[in-house]
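Observations on chain architecture
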There are 2 protein chains.
Amino acid sequence: MKPVKVGLLGLGTVGTGVVRIVQGNQEDLSSQVGSPIHIERIAVKNCDKPRSIEIDPAKLTTDPWEVIRDPEIDVIVEVMGGVDATRQYILEALERGKHIVTANKDLMALYGNEILEKAQEKQCDVFYEASVAGGIPIIRTLIEGFSSDRIVKIMGIVNGTTNYILTKMSQEGASYDDVLKEAQELGYAEADPTSDVEGLDAARKMSILGTLGFRTNVELRDVSVSGISSISKEDILFAKRLGYEMKLLGIAESQNDEFSISVQPTMIKASHPIASVNGVFNAVYVYGEAVGETMFYGAGAGEMPTATSVVADLVAVIKNLKLGVNGLKQIVPYKNKKLKSDDDIYFKNFLLLHVDDKAGVLAKITQVFAECDVSLDSVVQQANPNNPAAEIIIVTHDASKSSMNKVLRRFEELDVIRRVKSHYRVEG
Amino acid sequence: MKPVKVGLLGLGTVGTGVVRIVQGNQEDLSSQVGSPIHIERIAVKNCDKPRSIEIDPAKLTTDPWEVIRDPEIDVIVEVMGGVDATRQYILEALERGKHIVTANKDLMALYGNEILEKAQEKQCDVFYEASVAGGIPIIRTLIEGFSSDRIVKIMGIVNGTTNYILTKMSQEGASYDDVLKEAQELGYAEADPTSDVEGLDAARKMSILGTLGFRTNVELRDVSVSGISSISKEDILFAKRLGYEMKLLGIAESQNDEFSISVQPTMIKASHPIASVNGVFNAVYVYGEAVGETMFYGAGAGEMPTATSVVADLVAVIKNLKLGVNGLKQIVPYKNKKLKSDDDIYFKNFLLLHVDDKAGVLAKITQVFAECDVSLDSVVQQANPNNPAAEIIIVTHDASKSSMNKVLRRFEELDVIRRVKSHYRVEG
């Protein structure tokens, strides 16, 4: 059988895993696709770097264009990351009729439409299972498993770094700064952790999940984002005391022709299946009109889990190649849903206020809520021995985002409120 | 666009859900497959029965052969259940070149091979996502999502009835008989619950998952089965006290060229993700060599969740139909793994013994374990005010099934042991 020839862009963590699986499971893989799979050319940063896998040095090049332009190569596996140059490589590869497997969430979140359109024009496959939630086959699940259903809500823990930090803070009562430092030492967080801890990485993944789940174009700019860097030990204690866990949740919801999408620290009911997803694990909770509650759990990153998804995509592309149907099963978003305005996005809120410790304060505060049309689930006032101000803990019923913004603006003008110490979304 | 014509066998719970989704999501579905989907003929038991959906009475027939033989029909959706007659319908439909979507675990567990072989001969699709774990797309996940990996272990809560009963027993301290009665009243358990509570239903589903996960023929007779009907309140209390939950777990494991597969009440570590799957929910935990730990959670039964999987399969069949590739992507098991002997199946065990309350008993018992080569993790002896005998609770380290059987046979001859009150597998 003529082997299928694959070009690999990048031989870092995931690339190494891909080579390991293709070499180690060659017999299994060729039983499934009907021919051997050869990794023919590999673009790397440094050809002389020592590696943990055996690679014929003649296959290595520092020039990605050499891989893209190799006429022998049928499929490009892109695991080099980056956006601008990588976009050029992918578009050129498609132009030359090569199929693409990529693990690049940044690229797919920013240029997914352009790439999928080019792929359709050229009848090529573009598969990107590994771009969201590493080893969890959530993209297949949304495209195929739930093709029959209308997805109403997607909640994702799609960033392992932040979930590791929040889990440690919750389980050990440690501070954000201490856990971040430890995570950096363990390699779970990068030296510059901004993209993870500020929620940008999760936002990119959520825009991909939203697009697939709601079958409409969800752009990265549609995602309202806030990160975990200002969460305190105290916040997590309050969450626990109220029966919640603090998680960085991506939440996408859709009804009729509208959707909302966000990433933010969220207090989620401890009994919810996603609340017990701990450490670097990822999970995506999907609620469908017909299927109801489902959840998909697994490793969100790492060499082998991510490579599992990449090679599973490669198998799918090669099966299509054998059948001559590449590019024909691509689902392009066929709906035209609009982003909801803040007036129509409803959720529960947790607020921790530092206020003057004197009579009438609670009345003034509850008055503001009433005037802004936000009804309250619970209000607790307490003294804190470490704090000269009194603390008020408020949980609202579902309130529109715009009403809550109005409340917060009114609070700025209210002299009895010293500080809105914390404000979180509440789910479940 | 010429509509795709579908014949439906059965219009019970799941069949009604299928009609509801095909009618209600027609626009979505036809956007995906490129033509309308018409349910053309429906075989029912009684044409005059009042129904909760609108159906043109002219489409109904009490004769399944009328549906099978209708030359207009492209795809047969089988949701009538049953084995022998249904097998004939399916084989004849395949003979006539019709593609099959089925939710029938009994049929697939018993005659899956025959049906898949006939499908391959006739270049037809046979999809059966709904046969295991209702709305959870676990079959797709094993075939496609993990095509690149070697699955080492599958643990499934794949029977909602028994999970409901065990959850209630655990959460409310209720007895098996009381909860079973309640489950029957609520419609969660059938009047004759044997197939559920004795683990047969779970065994059928596990044989399907084992076949797909290990890519080898796993027969129903390979599954060693025991049910939940003899679990006592006391057993569940002991489990909790030791940090476990009691679940009816299907467990399939494979190393190299061998596999083991079983269904039995199992004490699973409370911190394991599958331990907190409660009520009628199902979950399948999959451990792959590369991907590591994953879990897939959702409704295991019910009209709409099961229908979601059936219609997702229908969409897949119709997409293949449009591309002319039906029957070409069927994966037949390509490995030839052997069922492990009891000498090679290892797990931890929990034992509750009722023994004479006198000196030297513990020494005699531990001597038996030593002679049978089973090492112990913990041994606790306690008096029970309600029991004249003393109780000994033993947890073993991993021991071979044959060694444990030897221990149990030796216990029968040991006069100080009045009764082996309970014996369970322990996981995690």
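What counts, and where the lines are drawn
- Residues numbered from 1 in each chain as written.
- Chains lettered and ligands numbered in written order.
- Predicted model: local features only at pLDDT ≥ 70, side-chain atom pairs only at ≥ 80, totals over all residues.
- Heavy atoms only, no water.
- UniProt positions renumbered as here; feature names shortened; annotations may be inferred.
- Helix = DSSP H or I, 4+ residues; strand = E, 2+ residues; numbered from the N terminus.
- Core = buried A, V, L, I, M, F, W, Y, C linked by side-chain atoms within 4.5 Å.
- Buried < 20%, exposed > 50% of the residue type's maximum accessible area, 1.4 Å probe, protein only.
- Contact = heavy atoms within 4.5 Å.
- Salt bridge = Lys/Arg side-chain N within 4 Å of Asp/Glu carboxyl O.
- Polar contact = N/O pair within 3.5 Å; in protein donor to acceptor, adjacent residues only side chain to side chain.
- Nonpolar A, V, L, I, M, F, W, Y, C, P; charged D, E, K, R; others polar.
- Pairing = 2+ DSSP bridges.
- Least-squares fit on C-alpha atoms with pLDDT ≥ 70 in both.
- Patch = residues over 30% accessible without salt bridge, like charges linked within 9 Å, V, L, I, M, F, W, Y side chains within 5 Å.
- Areas by Shrake-Rupley, 256 points an atom, 1.4 Å probe, with all protein chains shown as cover.
- Domains from an automatic or database assignment.
- Buried area = accessible area lost by both parts, 1.4 Å probe.

- For chain A, an unreviewed UniProt entry supplies the name Homoserine dehydrogenase and the organism Paenibacillus forsythiae.
- One UniProt comment on chain A, placed under Cofactor (unreviewed entry), says "a metal cation".

1. Let's talk about the UniProt feature "domain: ACT" (unreviewed entry) in chain A
- According to UniProt, the "domain: ACT" (unreviewed entry) feature falls on residues 350-425 of chain A.
- Helix makes up 32% of residues 350-425 of chain A and strand makes up 47%, while its end C-alpha atoms are separated by 6 Å.

2. Re the nonpolar core
- Of all hydrophobic cores here, the largest spans 148 residues; its most connected members are Ile138 and Ile165 of chain A together with Ile138 and Ile165 of chain B.
- Beyond its immediate chain neighbours, meaning those up to four positions away, Ile138 of chain A contacts Glu129, Val132, Ala133, Leu209, Val284, Val286 and Phe296 of chain A.

3. A closer look at the interface of chain A and chain B
- Across the contact, 46 residues belong to chain A and 46 residues belong to chain B.
- The interface formed by chain A and chain B includes six salt bridges.
- Of the charged contacts, one joins Arg140 of chain B and Glu144 of chain A as a salt bridge, the two residues approaching to 3.8 Å between their closest N and O atoms.
- Our count for the chain A to chain B interface comes out at 20 residue pairs in polar contact (both at pLDDT 80 or more).
- Listing elements by their share of the side of chain A that touches chain B, those giving two or more residues are helix H1 (13-24), helix H2 (26-33), helix H6 (138-145), strand S12 (292-299) and helix H12 (303-323) of chain A.
- Counting residues per element, the side of chain A that touches chain B draws most heavily on H12 of chain A, which supplies nine residues.
- Its residues assigned to classes, the side of chain A that touches chain B shows 23 nonpolar, 13 polar and 10 charged.
- Two strands pair when backbone bridges link them, and S12 of chain A and strand S12 (residues 292-299) of chain B are joined in this way by five bridges, in the antiparallel orientation. Bridge pairing in S12 of chain B links Thr294 of chain A to Gly298 of chain B.

4. Thoughts on the relation of the copies chain A and chain B
- If you rotate chain A by 180 degrees and push it 0.0 Å along the axis, it lands on chain B with an RMSD of 0.0 Å. On the angle and the small slide along the axis, the relation comes out as a two-fold axis. Within chain A, the C-alpha atom positioned nearest to the axis of rotation is that of Phe296 of chain A, 2.4 Å from it.
- Comparing interface residues between copies, 100% of those in chain A also sit at the interface in chain B, which points to an isologous, same-surface contact.

5. Observations regarding a nonpolar patch on the surface
- Where nonpolar side chains cluster on the molecular surface, the patch consists of Leu186, Tyr188 and Val280 of chain A and spans about 250 Å² of accessible area.
- Take Leu186 of chain A: it is sitting in helix H8 (residues 176-186).

6. Regarding the domain arrangement of chain A
All names here are of chain A.
- Here chain A is described as being made up of domain 1 (4-131 + 303-323), domain 2 (138-299) and domain 3 (347-427).
- On a C-alpha basis, the centres of domain 2 and domain 3 stand 25 Å from each other.
- Each partner contributes residues to the interface: domain 2 has 22 residues there, and domain 3 has 14 residues.
- Three residues stand out in domain 2 for area buried against domain 3, namely Glu234, Phe238 and Met267, and they jointly supply 36% of the buried area on that side.
- Linking domain 2 to domain 3 there are three salt bridges.
- As a salt-bridge pair, Lys153 and Glu427 come within 2.6 Å of each other at their nearest N and O atoms.
- In this structure, the connection of domain 2 to domain 3 is made through eight residue pairs in polar contact (both at pLDDT 80 or more).

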